[in-house]
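# Structural description and commentary
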Amino acid sequence: MPIRRAKAVDSLYAEVAEYDLVVTPDAALASAINRRLDRPQFGTFATTPRRLAAGRREQAEDRLAFLELVERTDHDWTAVAYAVGNVLQCWEHRGSLDAILSYDAYVDDVTRDVVERMRTLRTTSKRLSEYAIDDDRSVAVVGYDQLTALERSVLPDAFDRVDPFADDAFDHPPFHVFESTTDIVGALLDAVSAGDADRVAVVLDAGSRYSSLVESALEAADVPFYGGPGFADDPHHRAFVRLLRLCFRGPETTVGDAASILTRAGFDAPIADRDRHLAAADGPGPEWLRAFRDAVEDRSFAEALGAYEREAGVDLTRFDEELRRLGIADDPVTAEGVDRLAFYLRTYEVPVDRENEGVLLADAKSSAYVDRPVVFHLGMDEAWTHSAPQRPWVDTEAQFERYVGGFQRLLQSGDSRYYLVRDAAGGEPITPCLYLGDLLDEEFERFSDLDSVVHRRRPRSTGTGFDRRPTGTDPEPVESVSQSALNSYVNSPRDYLFGRLLDAPDQERFVEGNLFHDFAEFYVNHPDAVAAADTDELVDAMLAEAEAFFSAADEPLRRRTYRIGLELIAEYLDAEGPESDDFLTAASGWGTNFFAEHFDEPVDSPLTERWFEDDALGLKGKIDLVRAPTHLLDYKSGRKKRASQVVGGAAVDPPADAPNFQAALYLTYYRTVRPDERLEFTFFHFLEPMDDVIAGDADIDDALTTVTYHPCSFDEYVGSREAYDRLLDGYTDCRETFDDLGFAAYEAIVSPLTFPETTDRDELRDSAFAESFTAAVDAETAADVDAEKGADQAIRELNGARKRAFFREDLDAFESFVDERLDELDARRAGEERFPVDGLAGEPNYRRVDNRDLLLEGDR
């Protein structure tokens, strides 16, 4: 069916002007009709049944009934709320308080008690059931079908029905389709100012993201509004309830868990401490929280509220009044009491005093009419669809028709209407409100399938952003970059930028990783001191250092992990550690070391934690261990990677999905220290064999991944004796073929050839290189050798060697890549262009970003 055109309020008033009383289904429509009165009126003219019966503004009778019942009974609060909701709803739809007793599945002792006690409570429903409009009054009912059974019970025997809809269809305006909720709110701000705020209404789902974004945007723009945040949304109300809940969370509460409370109470919550347990954090904020928590069970709710008020410097009289309405102000604070308080605030809307001026924020599911000249409808998605009451006393078809009728009138509110919507989120279409599918004849899946206007992102016109003042100085160029910074920048320049601007919290994995690194460094310097120490004491010291970040329940596992990690590091260094440091100059004593302080011994070996910074290359870093003159080693506590993954992660054209340039960066630097030499870089994943250690069959080699740098081009390597010997250790046919061929003939064959750049197996087999190489090998080998198969296996083996090692052209390309990135970085830091969200490989790998909440969706 089409959307029926709603009659204008002026038209409705013309139809009902001669009646003594006009009854409407919602208060906003009644108020709009009353504003059109052009004659003196004694008493009420247009109103709702509930306002008519109550003689005052409607109140949330479910909350009032709940308050009365929890004060007079000992029933569980959740059970009381459930029973009150059922009784009132059944009363509404069946017209009788006792109607609920006919539904055995919903009747229990609490329900019976609620029914009996509500007989004497002066609720609005009670007043409705006792009220009747005088028969001698002329009555018009606008939208009779929208009234419930209880509301209809007040009507006289004779009254006239007025249809709020005309006979023709409503030609709805186009849907304005935006890319994000932020764009929608921006468009709204462009259209609203403080001067015209009283003419504007915004209809949205009060529980959606739109609500908080619109409220924040209007407040920031100094545009007045009302109908927004409720009692429970007050920042200090929320903070106090969170504070009470935090008091019963146990010892694993972190500073991050309490950050919003600390901020509201006027304390600083250092970013570095966010992941640290509250019990182990220093500073006035954590100290106050601990003191509050330790004393909370000796306080009443009112006393606890007073303690918060004094610290935060606020007056929460309205919250204290609500505690007294609940009858718990003088009750001692307990975990159960806090849960009940939180349940109450979550379930019922506590009335608040509002300034009724400015932009009207109307909830799409509790409004059917908005009397403002300009109305913006935001979202209009499935969140606008009501959840039909799943109770046997509700006529679901009639209720659905009420919802659809209200939706049709809501769509037509205002003289000017704007539907601001999104078409998709996260790559998936957004489902329009269910009622649109029932009302529109077109087939559609998303808003853009309907009459719509698509809006692309554009600069905001309401401001110039942050103030910019010239500093009179040029930005200093970035001279060098570390492997971690380069990884972050290539993945997402915007994430890299925020990583430089914002502090990051100390994290458990970093604290533990540093402890293992410190042990390895200290062991190289003082193996005898470690050997003479009690390992359990070392593990205890590590646990004490890291305990602020983990649960006490995890201690046995961590104790075992720490012990195994220390033993495996010591075992490796005993067997494969450096024999001499004569080939290095003295180190600079970079950083501190936990175990050096524990043993009160210095760490001064030039082999460990060796810092380098080369501005000519633009590279810097810290080498964990120089194991030999041409062999570097890095300790890793994470999962092991294959050599091919290490090399693949350092790709530059294009970069890998998860870029990791550590090995390439360190080898690029170190080849300037040891030019024209074959170099090795080993990752020691010292926790990788932990399961095997427990099983008793660990092999330290399973924890090692080594990549090699060859100081020659790959084509030169292909023609080398090392590559030939590699083929002799390969597959059977490969070994037989090249053993028969001999090195001299092999060298003569490959010298004029160029190995293809591709690493794809099929492309290699179809290449000119493969054709020439296979033909030449076949011509130079005996007939009983399968030269074709042997050559194919050789190409696969050589390709594998290339994917598991770095060659001169690889690191040359990496040097150029770093130069390009540094030039690009300097240009962006100078303001010549923005730091984009997307990296060189396209959309960032979001598992590798550190500031996900700051990377705006759709902003590239």
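Position numbers for residues count from 1 along each chain, tracking the sequence in the order it is written. A pLDDT threshold of at least 70 governs which residues receive local features in this predicted model, and a stricter bar of 80 or more applies before side-chain atom pairs are shown or counted, although totals over entire chains, interfaces and linings include all residues. No hydrogens and no water enter the side-chain calculation; it runs on all heavy atoms of the structure.

This part covers unusual backbone geometry. Geometrically, the link from Asp 653 to Pro 654 is a cis peptide bond, its omega value of -5° lying close to zero. Each helix is a run of DSSP H or I of at least 4 residues and each strand a run of E of at least 2, with the numbering of both proceeding from the N terminus. Along the chain, the position of Pro 654 falls in the loop between α26 (643-649) and α27 (662-673). Phi is positive for Asp 222, close to 60°, though the residue is something other than glycine. We note that Asp 600 has phi near 55°; this positive angle belongs to a residue other than glycine. Relative to the assigned elements, Asp 600 resides in the loop between α25 (594-599) and β16 (608-614). Whether a residue is buried, partly exposed or exposed follows from its accessible area with a 1.4 Å probe, protein chains only, as a fraction of its type maximum: under 20%, in between, or over 50%, in that order. Classification of Asp 600 by relative accessible area gives exposed; the value is 68%.

All right, on to the nonpolar core then. As used in this record, nonpolar core signifies buried Ala, Val, Leu, Ile, Met, Phe, Trp, Tyr and Cys residues forming a set joined through side-chain atoms within 4.5 Å. With 82 residues, the main nonpolar core has Phe 66, Met 118, Leu 244, Phe 292, Phe 319, Leu 341 and Tyr 344 as its most contacted residues. The greatest single-element share of this core, amounting to 9 residues, is contributed by helix α5 (residues 77-94). With sequence-adjacent residues up to four places away left out, Tyr 344 is seen in contact with Arg 63, Phe 66, Leu 67, Trp 77, Glu 322, Leu 326 and Val 350. Membership of the second largest hydrophobic core comes to 77 residues, among which are Leu 543, Leu 619, Leu 633 and Tyr 666. By definition, residues are in contact when any of their heavy atoms lie within 4.5 Å.

A residue counts toward a patch only above 30% relative accessible area and without a salt bridge, and it is joined to like-charged neighbours within 9 Å or, for Val, Leu, Ile, Met, Phe, Trp and Tyr, to nonpolar neighbours within 5 Å. To measure how exposed things are, a 1.4 Å probe is used in the Shrake-Rupley method; for residues, cover is taken only from the protein chains shown. Definition used for salt bridges: Asp or Glu carboxyl oxygen within 4 Å of a side-chain nitrogen of Lys or Arg. In this tally, Lys and Arg are treated as positive and Asp and Glu as negative; His is ignored, and so are the chain termini. All charge positions are set by atom: Lys at NZ, Arg at CZ, Asp at CG, Glu at CD. The grouping of Glu 736, Asp 739, Asp 740, Asp 778, Asp 784, Asp 786 and Glu 788 at the surface amounts to a negative patch. When residues in the negative patch are grouped by element, the largest group, 3 residues, is from helix α31 (residues 732-741). Mapping Asp 740 onto the fold places it in helix α31.

Between any two strands, pairing holds if DSSP finds at least two bridges. Taken in spatial order, the 7 strands of this open sheet run β9-β10-β8-β11-β12-β7-β15, and their pairing is parallel. Every interior strand has two partners, whereas the edge strands, β9 (225-226) and β15 (452-454), have only one.

This part covers the pairing of strand β20 (residues 704-710). With respect to burial, β20 is a largely interior element, 6 of its 7 residues being buried. Two strands pair when backbone bridges link them, and strand β19 (residues 679-685) and β20 are joined in this way by 6 bridges, in the antiparallel orientation. From the neighbouring strand, Leu 679 faces β20, where its bridge partner is Tyr 709. Pairing of β20 with strand β21 (residues 805-807) involves 3 bridges; the strand directions are parallel. Among the inter-strand pairings, Tyr 709 is bridged to a residue of β21, identified as Phe 806.

Turning next to the packing of helix α1 (residues 9-16) against helix α2 (residues 27-34). Working convention: axes come from line fits to C-alpha atoms, limited for helices to the stretch in contact. Angles between N-to-C directions cover 0 to 180 degrees. Two elements in contact, α1 and α2, have axes whose closest approach is 9 Å; the angle formed by their N-to-C orientations is 75°. When the interaxial angle is binned, α1 and α2 end up roughly perpendicular. Mapping the contact onto sequence places Val 9, Leu 12, Tyr 13 and Val 16 in α1 and Leu 29, Ala 32 and Ile 33 in α2. We call Asp, Glu, Lys and Arg charged. Ala, Val, Leu, Ile, Met, Phe, Trp, Tyr, Cys and Pro are nonpolar, and the rest, Gly among them, are polar. Of the residues contributing to the contact of α1 with α2, the split by class is 7 nonpolar, no polar and no charged. By definition in this entry, angles of less than 35 degrees are roughly parallel, angles greater than 145 are roughly antiparallel, angles of 65 to 115 are roughly perpendicular, and the rest are oblique.

At a closest axis distance of 12 Å, the pairing of helix α19 (residues 483-491) and helix α36 (residues 808-829) adopts a crossing angle of 70°. Between α19 and α36, the angle is such that the two are roughly perpendicular. For α19 against α36, the interelement crossing comes out left-handed. Only Phe 814, Phe 817, Val 818, Arg 821, Glu 824, Leu 825 and Arg 828 of α36 make contact with α19, whose side of the interface consists of Leu 486, Tyr 489 and Val 490. Tallied by class, the residues present in the contact of α19 with α36 amount to 7 nonpolar, no polar and 3 charged. Should the near helix be turned anticlockwise from the far one by less than a right angle, the crossing is left-handed, and should it be turned clockwise, the crossing is right-handed.

Bringing the pairing of strand β18 (residues 631-636) into the picture now. Buried residues dominate β18, accounting for 5 of its 6 residues. One ladder, built from 3 bridges, connects strand β17 (residues 619-628) with β18; its direction is antiparallel. Bridging across to β18, Leu 625 finds its partner in Leu 633. Here β17 folds back onto β18, and the loop between the two strands holds 2 residues.

Quick look at the sheet that holds β16 now. Strand pairing in a sheet relies on backbone hydrogen bonds. The paired strands run either parallel or antiparallel. As summarised here, the arrangement of the 6 strands in space is β16-β17-β18-β19-β20-β21, forming an open sheet in which the pairing is mixed. The open sheet has two edge strands with one neighbour each: β16 and β21. Pairs of neighbouring strands in the sheet enclose a mean axial angle of 35°, with direction left out of account. Bridge analysis of β18 against β19 gives 6 bridges, and the strand direction is parallel. When the bridges of β19 are listed, Leu 633 appears paired with Thr 682.

Now for the pattern of salt bridges. What the rule picks out here adds up to 48 salt bridges. Salt-bridge contacts for Asp 257 lead to Arg 249; the nearest nitrogen and oxygen are separated by 3.4 Å. Here Asp 257 falls in the partly exposed class, since its relative accessible area comes to 33%. A salt bridge links Asp 812 to Arg 671; its shortest N-O distance comes to 2.8 Å. With a gap of 141 residues between them, Asp 812 in helix α36 and Arg 671 in helix α27 connect regions that are remote in the sequence. Classification of Asp 812 by relative accessible area gives partly exposed; the value is 36%. Salt bridges sharing common partners tie together Glu 820, Arg 821, Glu 824, Arg 828 and Glu 833.

Turning to the confidence of the model for the chain, a few remarks are in order. Averaged over the chain, the pLDDT score is 90; the fraction of residues at 70 or greater is 95%. Note on residues 459-463: pLDDT is under 50 here. Beyond four places in sequence and across chains, it has 6 contacts. The pLDDT score gives, residue by residue, the confidence of the prediction method on a 0 to 100 scale.

Between the rings of Phe, Tyr and Trp (Trp by its six-membered ring), a pair exists once the centres lie within 6.5 Å; its type follows the angle of the planes, with under 30 degrees stacked, over 60 edge-to-face, and the other angles tilted. A complete count under the given rule lists 46 aromatic pairs for this structure. Ring centres 5.3 Å apart and planes at 65° place the aromatic pair Tyr 103 and Trp 393 in the edge-to-face group. Linking Tyr 103 in the loop between α5 and α6 (109-118) with Trp 393 in the loop between β11 (374-378) and α17 (396-411), this pair joins segments that are 290 residues apart in sequence. Exposure remark for Trp 393: the relative accessible area of 0% places this residue in the buried category. Note on Phe 231 and Phe 319: the rings are 5.7 Å apart at their centroids and 20° apart in plane angle, and the pair reads as stacked. One end of the pair, Phe 231, is in the loop between β9 and α11 (235-246); the other, Phe 319, is in helix α15 (residues 317-326), and 88 residues separate them in sequence. Both residues of the pair, Phe 231 and Phe 319, belong to the buried class. In textbook terms, an aromatic cluster arises when at least three aromatic residues are bridged by ring pairs, as seen for Phe 714, Tyr 717, Tyr 724, Phe 738, Phe 743, Tyr 746, Phe 755, Phe 769, Phe 773 and Phe 807. Geometry around Tyr 144 places Arg 161 over its ring, the cationic atom sitting 3.8 Å from the centre. We call a charge positioned over a ring when the NZ of a Lys or the CZ of an Arg lies within 6 Å of the ring centre and within 35 degrees of the ring normal. Sitting over the ring of Phe 817, Arg 821 keeps its end group 4.8 Å from the ring centre.

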